[in-house]
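Each chain is listed here by its residues.
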Amino acid sequence: MTEAEKIVAQLHLQPHPEGGFFKETYRSDGIINEVNLDHDIKGQRHFSTAIYFLLTSKNFSAFHRIKQDEIWHFYKGSALNLHIISSEGIYSTVRIGNQFEKGDVPQFVVKARSWFAAEVINAHSYSLVGCTVSPGFDFRDFELANSVALSAKYPQYSSIIAKFTKH
């Protein structure tokens, strides 16, 4: 059993629709009423949610977006590259890890409505991170990218979009 498989088993992680494995570890008791996120969803949201998230070098987190800020926290394994297309259409990449001499950051905030994807940097490895969302995550706010539609909107990034989408 690999180290990644041991972590998946020990932390009771499940497959995530965007790729990788996850487990929700926190959902606040507090509720925010009538939050209007992006003027299209009204309803209740928990103040905050958190998950464990594990990727291996054999998979990736596909481009997706949510309507809240998401904070990524590095825990263990290889650093990962987070690929981001902001709501203004600007592409950037951030290396999340603990090798500060290589430019890693241990924590990073992906701004609401940004498209983002992630990949493990080292071959034959994994990345264990945590993700915190506020207001709390709800799958109603989750959108998995379609390669054709996202590439039509951002043709200058079509090669990176093709690499990190599932359809």
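Being a predicted model, the structure only gives us computed values, none of them experimental.

Peer 1: Teacher, can you tell me more about the overall build of the chain here?
Peer 2: Along its length, the chain carries 3 helices and 13 strands. Taking 167 residues into account, the globule formula puts the C-alpha radius of gyration at 15 Å, and the chain, at 16 Å, falls close to it. Within the chain, buried positions represent 49% of all 167 residues. Put simply, 73% of the contacts in the chain that link residues at least 6 apart link residues at least 24 apart. On the chain, roughly 8700 Å² of surface is accessible, and the fraction owed to carbon and sulfur atoms is 54%.

Peer 1: Explanation requested: the nonpolar core in the structure shown.
Peer 2: A general tendency of soluble globular proteins is for nonpolar side chains to be buried together. Ranked by size, the top nonpolar core spans 17 residues in total, and within it Phe53, Trp72, Leu80, Leu82, Ile96 and Val129 carry the most contacts. Within the residue set of this core, elements represented by two or more residues are β5 (49-56), β7 (69-77), β8 (80-85), β9 (91-96), β11 (115-120) and β12 (126-134). Setting aside anything within four residues of it in sequence, one finds Val129 in contact with Ile51, Tyr52, Phe53, Trp72, His73, Phe74, Tyr75 and Leu80.

Peer 1: Would you explain the sheet that holds strand β6 (residues 60-65) in this entry?
Peer 2: Strand pairing in a sheet is mediated by backbone hydrogen bonds. Such pairs are either parallel or antiparallel. Pairing in this open sheet of 5 strands is antiparallel, and the strands run β9-β8-β11-β6-β13 from one edge to the other. Each edge of the open sheet carries a strand with a single partner, namely β9 and β13 (143-144). Alignment of β8 against β9, held across 6 bridges, turns out to be antiparallel. When the bridges of β9 are listed, His83 appears paired with Thr93.

Peer 1: Help me understand the pattern of salt bridges in this model?
Peer 2: Side-chain pairs of opposite charge can arise where the charged atoms are in close proximity. Inspection of the entire model under this criterion finds 7 salt bridges. The partner of Arg65 in a salt bridge is Glu143, with the nearest N and O atoms 2.9 Å apart. Of the two residues, Arg65 is situated in strand β6 and Glu143 in strand β13; the sequence distance between them amounts to 78 residues. Residue classification places Arg65 among the partly exposed positions, given a relative accessible area of 25%. A residue is classified by how much of its surface remains accessible, and Glu143, at 37% relative accessible area, is partly exposed.

Peer 1: Looking at this structure, how should I read the side chain of His16?
Peer 2: Among the structural elements, His16 can be located in the loop between β1 (14-15) and β2 (21-27). Judged by relative accessible area, His16 falls into the buried class, the value being 12%. With residues near it in sequence (within four places) discarded, His16 still touches Phe21, Phe22, Phe53, Phe139 and Phe142.

Peer 1: I tried to follow the side chain of Thr49 on my own but got confused; where do I start?
Peer 2: Considering the arrangement of structural elements, one finds Thr49 in strand β5. Among the polar contacts made by the side chain of Thr49, one reaches the main-chain amide nitrogen of Phe137 at a distance of 2.9 Å. Sequence-distant contacts of Thr49, defined by excluding residues within four places in its chain, comprise Glu24, Tyr26, Arg27, Cys131, Thr132, Val133, Gly136 and Phe137.

Definitions and cut-offs
Residues numbered from 1 in each chain as written. Predicted model: local features only at pLDDT ≥ 70, side-chain atom pairs only at ≥ 80, totals over all residues. Heavy atoms only, no water. Helix = DSSP H or I, 4+ residues; strand = E, 2+ residues; numbered from the N terminus. Rg over C-alpha atoms; globule rule 2.2 N^0.38 Å. Buried < 20%, exposed > 50% of the residue type's maximum accessible area, 1.4 Å probe, protein only. Contact = heavy atoms within 4.5 Å. Areas by Shrake-Rupley, 256 points an atom, 1.4 Å probe, with all protein chains shown as cover. Core = buried A, V, L, I, M, F, W, Y, C linked by side-chain atoms within 4.5 Å. Pairing = 2+ DSSP bridges. Salt bridge = Lys/Arg side-chain N within 4 Å of Asp/Glu carboxyl O. Polar contact = N/O pair within 3.5 Å; in protein donor to acceptor, adjacent residues only side chain to side chain.

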